[in-house]
Each structure stands twice: as C-alpha cells, then as structure tokens.
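Here's the letter readout for the chains.
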Amino acid sequence: MAKVFLICGKICSGKSTYAERLRMEKKAVLLSVDEIMLALFGLYAGDKHDEYTEKIQNYLFEKSVDIIKSGINVILDWGFWSRLKRSAAREFYAVRDIECEFYYIDISDEIWKERIAHRNELVVKGEKEAYIIDGKLKEKFEDLFEVPSEEEIDVWVHS
C-alpha cells in the first residue's frame, strides 16, 4: 500500500523545496495548505487565517486517505509545528492502517533568519507570492514551534 510522508519544520526552513524533491523520488502527490490558502485568499485571509488553515488541513487529511487507497503516495507539506499535531497525525493514519513517515527539516537559527530575509525581499519585489514574515510574525512562529524529539521523527534532514 502507498504511504504518507509528513514534512515538519519551521516556516522558511526549506520544507517545500524538500517536499518537491521527495515528491519526485517517491512518485507522490504533494498536498500543501499554503498552496490552497494562496489560491483561495491570496495574501489576505485576515483574522480567519488560522480557522481556514485548520479546515484545509482537515480536508487534506481526508483527501490523502482517498489518494493513498488508490495506491499513490502522499506528501503533506504544512509544518506540523506542535507535538500534539504530530501525534494526532500519526494516530489519524494508524487507525486507518496507513504507514506514515515524518521528515524534520532542521535548520540553524542563523540560516533561518537569512532565508526569512531573502523570502521577504522576493515578496517585496513581486518575485514570490508568499506571506511577509515581519518581526512580530517571526516571534509568533518561534513561540508556536516545538522542536521534535528523535522518537517523533523518522528522517532528520539537516539543512
């Protein structure tokens, strides 16, 4: 049976780049919350951003099961920032007898800050459609992200 690969890591850590490489290697369908959010709302989901994100994630979990049951691997690219979210994802697939692998994109704080600055520069120039990560948003992400333990992760990717 096909399986699911879950990509964990901070925003701007290289998750999407790695997920795209993994997609080709594993011949998988890539499901991304950011892709759907940007397609539906652009950069302006406002106060509803977190609510919409959760609804999209729930939808993609269910859709991933359909795809996997069709014999196609799936990659979920949306961060899995908390232990609770990682645990819930594992349980979601375990009760459906679907194998899953967590990949953690590990990045140093120095490189992370450089990538955020580069991304913001591209967004300002109109060369990339993504959210600007200002100091306040960066701080929010730092507070929300829980570095996984080795027991939670199947593949540790050093970026």
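Model, not experiment: these values are computed from the prediction.

Caption draft 1: Just the overall build of the chain, in detail. Scanning the chain for helices and strands turns up six helices and five strands. For the chain, the α and β elements follow one another from N to C terminus as β-α-β-α-α-β-α-β-α-α-β. In terms of its C-alpha atoms, the chain occupies a principal-axis envelope of roughly 45 × 35 × 30 Å. Across the 159 residues that make up the chain, the buried fraction comes to 44%. Here the contacts in the chain between residues at least 6 apart in sequence split such that 77% fall between residues at least 24 apart. Of the accessible surface of the chain, which amounts to about 9200 Å², a share of 51% is contributed by carbon and sulfur atoms. Across the chain, the 24 positively charged side chains and the 31 negatively charged ones have centroids separated by 2 Å.

Caption draft 2: A look at the pattern of salt bridges. In the structure shown here, the tally under the stated rule is 16 salt bridges. Between Arg-23 and Glu-20 there is a salt bridge whose closest N-O contact spans 2.5 Å. Pair noted here: Arg-23 and Glu-20 are both in helix H1 (residues 15–26), with a separation of three residues, about one helical turn. For the salt bridge of Glu-146 with Arg-83, the shortest nitrogen-to-oxygen distance reads 3.5 Å. With Glu-146 in the loop between helix H6 (135–144) and strand E5 (155–158) and Arg-83 in helix H4 (residues 83–94), this residue pair connects regions lying 63 residues apart in the sequence. Residue classification places Glu-146 among the partly exposed positions, given a relative accessible area of 30%. What makes Arg-83 partly exposed here is its relative accessible area of 42%.

Caption draft 3: Layout of the side chain of Lys-3. Mapping Lys-3 onto the fold places it in the segment before strand E1 (4–8). A polar contact of 2.5 Å, which involves the side chain of Lys-3, links it to the side chain of Glu-101. Not counting residues up to four positions away in its chain, the partners in contact with Lys-3 are Ile-68, Asn-73, Val-74, Glu-99 and Glu-101.

Caption draft 4: View of the packing of aromatic side chains. Within the structure shown, the criterion is met by 13 aromatic pairs. Aromatic pair Phe-80 and Phe-102: ring centres 5.4 Å apart, planes at 90°, arrangement edge-to-face. Of this pair, Phe-80 sits in the loop between strand E3 (73–79) and H4 while Phe-102 is found in strand E4 (residues 100–106), placing the two residues 22 residues apart along the sequence. Each of the two residues, Phe-80 as well as Phe-102, counts as buried. Relative to Tyr-93, the ring of Phe-92 has its centre 4.9 Å away and its plane inclined at 90°; by these criteria the two rings are edge-to-face. What makes Phe-92 buried here is its relative accessible area of 13%.

Caption draft 5: Region of the structure containing the nonpolar core. The biggest cluster of nonpolar side chains holds 29 residues, and the ones touching the most others in it are Val-4, Leu-6, Phe-61, Leu-76, Phe-80 and Tyr-93. With near-sequence residues (within four places) excluded, Leu-76 lies in contact with Val-4, Phe-5, Leu-6, Ile-7, Leu-31, Phe-61, Ser-64 and Tyr-93. Counting residues in hydrophobic clusters, the runner-up holds ten residues, among them Phe-5, Ile-7, Leu-22 and Ala-28.

Caption draft 6: Representation of the pairing of E4 in the model. Burial within E4 is extensive, with six of its seven residues counted as buried. With four bridges connecting them, E4 and E5 associate as parallel partners. Residue pairing in the sheet places Tyr-104 in a bridge with Trp-156 of E5.

Thresholds, definitions, all that
- Residues numbered from 1 in each chain as written.
- Predicted model: local features only at pLDDT ≥ 70, side-chain atom pairs only at ≥ 80, totals over all residues.
- Heavy atoms only, no water.
- Helix = DSSP H or I, 4+ residues; strand = E, 2+ residues; numbered from the N terminus.
- Buried < 20%, exposed > 50% of the residue type's maximum accessible area, 1.4 Å probe, protein only.
- Contact = heavy atoms within 4.5 Å.
- Areas by Shrake-Rupley, 256 points an atom, 1.4 Å probe, with all protein chains shown as cover.
- Lys, Arg positive; Asp, Glu negative; His and termini not counted.
- Charge placed at Lys NZ, Arg CZ, Asp CG, Glu CD.
- Salt bridge = Lys/Arg side-chain N within 4 Å of Asp/Glu carboxyl O.
- Polar contact = N/O pair within 3.5 Å; in protein donor to acceptor, adjacent residues only side chain to side chain.
- Phe/Tyr/Trp six-rings, centres within 6.5 Å; stacked < 30°, edge-to-face > 60°.
- Core = buried A, V, L, I, M, F, W, Y, C linked by side-chain atoms within 4.5 Å.
- Pairing = 2+ DSSP bridges.

Any link to function would need more than the numbers given here.
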